[in-house]
Amino acid sequence: MRTFFLEIITPEKTFFRGEVESINIPSVGGACTVMAGHQPMVFAVEPGAIRITADGKTREAFMSEGFVEVRPDETIAFSQAVEWPEDINERRAVDAKERAEEQLRRNRSAAEYRLNRVALARAFARLKVKHHNYMSGD
Ligand code: ATP
């Protein structure tokens, strides 16, 4: 299968760098799968599960809000946080979920409501990726 170069960067580290067959990313307009030869584009990422397929194996990871730039020669994803299932601290995600739910119940300003909704989406996505532990092609 044809491959392309993928780089996933956070403010702290290069999370992933290498040749892949595809990446599936939750975008604002729905899940987007990038494969070799995809037309150049830029899109916004929603917090959720990404799936990277390389050497016939697919791994899932959590990705927070960010942007993806698909270029003819490479695809670059920038995100505030990206984590493999084994690096997700479940207790922290549960605490974040409860905090966001509590804040949402308090009916704050529209801006705070939006922030808490995204915080809740991050917590849900981390818990989903942690429990799913998706892996195929082994
Ligand atoms: P919290 O309120 O717990 O900080 P958050 O969703 O606001 O959660 P982020 O802003 O997405 O956190 O991430 C900040 C940093 O903390 C990143 O480096 C991210 O990888 C790390 N992080 C956040 N939550 C977790 C978690 N549950 N497990 C592992 N790392 C986490």
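Quantities reported herein were computed from a predicted structural model and do not represent experimental measurements.

Burial runs high along strand β6 (residues 48-54): six of the seven residues are buried. Here β6 pairs with strand β7 (residues 57-63) via seven bridges, running antiparallel. Paired with R51 across the bridge in β7 is E60. In textbook terms, the turn of a hairpin is the stretch between consecutive antiparallel strands, and for β6 and β7 this stretch comprises two residues, one of which, D55, has a positive phi near 50 degrees.

In the vicinity of the ligand, the contacting residues are E12, A81, E83, D87, I88, N89, R92, A93, R99, R122 and R126. A distance of 2.8 Å separates an oxygen atom of the ligand from a polar atom in the side chain of R92. Contributing elements (two or more residues each) for the shell around the ligand: α1 (90-105) and α2 (110-132). Tallying contributions element by element places α1 first for the shell around the ligand, with three residues. In this structure, the shell around the ligand is formed jointly by two domains, domain 1 (4-85) and domain 2 (88-132), each of which donates at least three residues.

Okay, the nonpolar core next. Counting 22 residues, the largest nonpolar core has I8, I23, I50 and I52 as the members making the most contacts within it. Of all the secondary structure elements, the ones that give two or more residues to this core are β1 (4-9), β2 (14-20), β3 (22-27), β4 (30-35), β5 (41-45), β6, β7 and β8 (66-70). Residue contacts for I23: discarding those within four places in its chain leaves F4, L6, I8, C32, T33, V34, I50, R51 and I52. Residues A49, F62, A81 and A125 belong to the second largest nonpolar core, which totals six residues.

Even without glycine at this site, D55 takes up a positive phi of about 50 degrees. Within the secondary structure layout, D55 lies in the loop between β6 and β7. What makes D55 exposed here is its relative accessible area of 73%.

Analysis parameters
Residues numbered from 1 in each chain as written. Predicted model: local features only at pLDDT ≥ 70, side-chain atom pairs only at ≥ 80, totals over all residues. Heavy atoms only, no water. Buried < 20%, exposed > 50% of the residue type's maximum accessible area, 1.4 Å probe, protein only. Helix = DSSP H or I, 4+ residues; strand = E, 2+ residues; numbered from the N terminus. Pairing = 2+ DSSP bridges. Near = heavy atom within 4 Å. Polar contact = N/O pair within 3.5 Å; in protein donor to acceptor, adjacent residues only side chain to side chain. Domains from an automatic or database assignment. Core = buried A, V, L, I, M, F, W, Y, C linked by side-chain atoms within 4.5 Å. Contact = heavy atoms within 4.5 Å.

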